Amino acid sequence: MSNNPRTTLAVAGLSLGTALNPLNSSMIAVALVVLRADFGLDVAAVTWVVTSFYLASAAGQPVMGRLADRFGPRRMFMLGMALVSLTCALAPLAPNFALLCVARAVMALGTATAYPSAVVMVGAIAQRAQVESARPLGRLQMANTSAAAVGPVVGGLLVSFVGWEALFLVNVPLAVAALLIVRKAAPRDEAREHGSVAGLVRDSDIPGILAFVSALLLVMMAALNVAPGYRWWMLAAGTVIAALFAWRELRFDRPFLNLRLLGRNRPLLLIYLSFAVFSSVYYFVFFGLPQLLQEGGGYDPGVVGLLMLPLAAMSVVATPWAVKAMGKFSVRRVLLAGVLLLTLVAALMWLLTGSLVIPLVAVLTALMGVPYGTVSIATNQGMFVSTRPQDRGVAAGIYQTCRYVGAITATVMIGVFAAGGVHQDSWARMVLAMLVLCAVTFGVSLFWRQRTE
């Protein structure tokens, strides 16, 4: 990307840090069956180790993006990596599943600082290297895509040979390395706003954050039917809290989720919607397929991780191709092509209702890597070009929140469709749901146009 070793090193450090969130979201996929056995859980209950991570990430990303804009992205990045290191060193000592979920949530807050901070720094790095922003963004996307796709392989090996505790411990050296590299090579923060802790708390929209998390939590609990006698009460309460959340955010000067930014920026809103629904399709496969292979196919977690490896390889290939294609054909055309391919691959997933043989699984996971890499970098670049430079930290945080909302939606729907276990019959219902979501993604993407100012 640049002949400047310092620039290359900075992008490498940022890539490593941003990769920790998708790495940890994907490594856990092959440990769900093991965790169910160790803690005596059912399918719906074990998804909370995933959901707690995404809830904390969904709430944390916009906050961390705003803090990066306000106090400096380099400072926030290093603080997040330090939190990840400390949490992951202590997490294996958790005596029960509830505390394990808490540890996952705290780890998520640490990793949530990386992406929005990196996006803010990308502008300075691209300017210093005299390249288009899509190139360093492409590097970040390749790292994220690779980490998410390699996660099941790494996770499967760690769970098979060490145990689920290793999924936490492996983060310690990675987070420390990212912290040290960014400290050495990343651009120093420009003069930023300074203020008291009391002022920061006052401006942090704590009620808005609590309302956002509460609404998501109640709706998810209702969808999973955690308390059958209160299901509709929880759904109603979640809806009311969501409405109050929107009302407050539109009136608060420094909102947690800047709905006014979305309201006046239609291209950005459409990118967010497209990415959220796309993510729900992808995570249907990412969390559902490993469970199907272990429960329905009887495969060992290590084998399941290896079967997900083709996804990593193809997504790495697809990302730089998509970056070049966007320069030649436009972001919109690449986005639409990626969504169409996603629909085709989702339809082919139906073949797994008849057979779970290794060659078929390997081909399908490889095919899924192409639309994942393509749509991810296209929506990422769409977000970047649809946002003013001074808003990119917050915008990147909201973008990641859309990913987590999609992932949460997928885990909830898996719990609903596979309440009795993930097998080929329940997989058929998941495939139908994926096709419906693909159609929605294409419809939303069709209306997106690059913002011109």
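As the structure is a computational prediction, the values presented were derived from the model and not from experiment. (Residues numbered from 1 in each chain as written. Predicted model: local features only at pLDDT ≥ 70, side-chain atom pairs only at ≥ 80, totals over all residues. Heavy atoms only, no water.)

## Some words on the overall build of the chain
The helix and strand tally for the chain stands at 21 helices and 0 strands. Over its C-alpha atoms the chain spans a radius of gyration of 21 Å, differing by no more than 12% from the 22 Å that the globule rule assigns to 453 residues. With the C-alpha coordinates of the chain rotated into their principal frame, the extents come out at 55 × 50 × 45 Å. Here the analysis covers contacts within the chain between residues at least 6 apart in sequence; of these, 84% occur between residues at least 24 apart. (Helix = DSSP H or I, 4+ residues; strand = E, 2+ residues; numbered from the N terminus. Rg over C-alpha atoms; globule rule 2.2 N^0.38 Å. Contact = heavy atoms within 4.5 Å.)

## So, the packing of helix H18 (residues 331–348) against helix H19 (residues 358–385)
Contact geometry for H18 and H19: axes closest at 8 Å, N-to-C directions at 150 degrees. On the basis of the axis angle, H18 is roughly antiparallel to H19. For H18 against H19, the interelement crossing comes out left-handed. Contact residues: Val331, Val334, Leu335, Gly338, Val339, Leu341, Leu342, Val345 and Leu348 in H18; Leu364, Leu367, Met368, Val370, Pro371, Thr374, Val375, Ala378, Thr379, Gln381 and Gly382 in H19. Within the contact of H18 with H19, the residues separate by chemical class into 15 nonpolar, 5 polar and no charged. (Axes fitted to C-alpha atoms, helices over the stretch in contact; angles between N-to-C directions. Parallel < 35°, antiparallel > 145°, perpendicular 65-115°, else oblique. Left-handed = near helix turned anticlockwise from the far one by under 90°. Nonpolar A, V, L, I, M, F, W, Y, C, P; charged D, E, K, R; others polar.)

## Details of a nonpolar patch on the surface
Nonpolar side chains collect at one region of the surface, where Leu86, Leu90 and Leu93 lie side by side and expose about 340 Å² of accessible area between them. Counting through the fold element by element, Leu86 comes out in helix H5 (residues 73–90). (Patch = residues over 30% accessible without salt bridge, like charges linked within 9 Å, V, L, I, M, F, W, Y side chains within 5 Å. Areas by Shrake-Rupley, 256 points an atom, 1.4 Å probe, with all protein chains shown as cover. Salt bridge = Lys/Arg side-chain N within 4 Å of Asp/Glu carboxyl O.)

## Remarks on the packing of aromatic side chains
One pass over the full model with this rule turns up 14 aromatic pairs. Judged by centre distance (5.5 Å) and plane angle (55 degrees), the ring pair of Phe39 and Phe97 falls under tilted. Pair noted here: Phe39 is in helix H2 (residues 32–39) and Phe97 is in helix H6 (residues 97–111), with a separation of 58 residues, a long-range link. Both rings, one in Tyr283 and one in Phe286, keep their centres 6.2 Å apart while their planes meet at 70 degrees; by these two values the pair is edge-to-face. Highlighted residues: Tyr283 and Phe286, both in helix H15 (residues 266–296), separated by 3 residues, approximately one helical turn. Of the two residues, Tyr283 and Phe286, neither departs from the other in class, the shared state being buried. (Phe/Tyr/Trp six-rings, centres within 6.5 Å; stacked < 30°, edge-to-face > 60°. Buried < 20%, exposed > 50% of the residue type's maximum accessible area, 1.4 Å probe, protein only.)

## A word on the confidence of the model for the chain
Confidence in the prediction of the chain, expressed as mean pLDDT, is 82, and 91% of residues score 70 or more. Put simply, helix H11 (residues 197–203) is where the chain has its lowest mean pLDDT, 62, and H18 is where it has its highest, 94. (pLDDT = per-residue confidence, 0-100.)

## Observations regarding H6
Counted at 1.5 Å a residue, the expected span for H6 with its 15 residues is 21 Å, and the 21 Å between its end C-alpha atoms agrees. All of the buried residues in H6 are Phe97, Leu100, Cys101, Ala103, Arg104, Ala105, Met107, Ala108, Gly110 and Thr111. For H6, the N-terminal cap is Asn96; the gap from its side-chain oxygen to the backbone nitrogen of Ala98 is 3.3 Å. (Expected span 1.5 Å × (residues − 1). Polar contact = N/O pair within 3.5 Å; in protein donor to acceptor, adjacent residues only side chain to side chain.)

## With respect to the packing of helix H4 (residues 48–71) against H6
One can describe the packing of H4 onto H6 by two numbers: an axis separation of 8 Å at closest approach and a directional angle of 30 degrees. Compared by their axis directions, H4 and H6 come out roughly parallel. Helix-helix and strand crossings are classified by hand; for H4 and H6 the assignment is right-handed. Contacts from Trp48, Val49, Val50, Ser52, Phe53, Ala56, Ser57, Gly60, Gln61 and Met64 of H4 reach H6 at Phe97, Leu100, Cys101, Arg104, Ala105, Met107, Ala108, Leu109 and Thr111. Its residues placed into classes, the contact of H4 with H6 shows 13 nonpolar, 5 polar and 1 charged.

## Overview of the environment of Ala112
Looking at where Ala112 falls in the secondary structure, it is placed in the loop between H6 and helix H7 (114–129). Between the C-alpha atom of Ala112 and that of Leu309, which follows or precedes it by 197 residues, the distance is 25 Å. For Ala112, the contacting residues outside a window of four places in its chain are Asn21, Gly60, Gln61 and Met64.

## Quick notes on the pattern of salt bridges
Using the criterion set out here, one finds 1 salt bridge in the structure. Notably, a salt bridge pairs Glu295 with Arg36, separated by 2.7 Å at the nearest N-O pair. With Glu295 in helix H15 and Arg36 in helix H2, this pair connects stretches of sequence that are 259 residues apart. Residue Glu295 is classed as partly exposed on the basis of its relative accessible area, which comes to 33%. For Arg36, a relative accessible area of 18% corresponds to the buried category.

## Some words on a positive patch on the surface
There is a patch of like positive charges on the surface, built from Arg6, Arg183, Lys184 and Arg188. Counting through the fold element by element, Arg6 comes out in helix H1 (residues 5–27). (Lys, Arg positive; Asp, Glu negative; His and termini not counted. Charge placed at Lys NZ, Arg CZ, Asp CG, Glu CD.)

## Some thoughts on the side chain of Ser386
Here Ser386 is to be found in the loop between H19 and helix H20 (392–417). When its relative accessible area of 1% is taken as the criterion, Ser386 is described as buried. Polar side-chain contacts of Ser386 include one of 2.7 Å to the backbone oxygen of Gly382.

## Topic: the environment of Trp350
Here Trp350 shows up in the loop between H18 and H19. Setting aside residues no more than four positions away along its own chain, Trp350 makes contact with Ala428, Val431 and Leu432.

## Focus: the side chain of Asn171
Positionally, Asn171 belongs in helix H10 (residues 171–185). The exposure class assigned to Asn171 is buried, which follows from its relative accessible area of 0%.

## Digging into unusual backbone geometry
Although it is not a glycine, Ser330 adopts a positive phi angle of roughly 100 degrees. By the element assignment, Ser330 lies in the loop between helix H17 (309–329) and H18. Using a relative accessible area of 30% as the deciding quantity, one classes Ser330 as partly exposed.

## A look at the environment of Ile358
When you line up the elements, Ile358 lands in helix H19. The sequence separation of Ile358 and Val303 amounts to 55 residues, and the corresponding C-alpha distance is 9.6 Å. In this structure, Ile358 is in contact with Tyr299 and Leu307, ignoring residues within four places of it in sequence.

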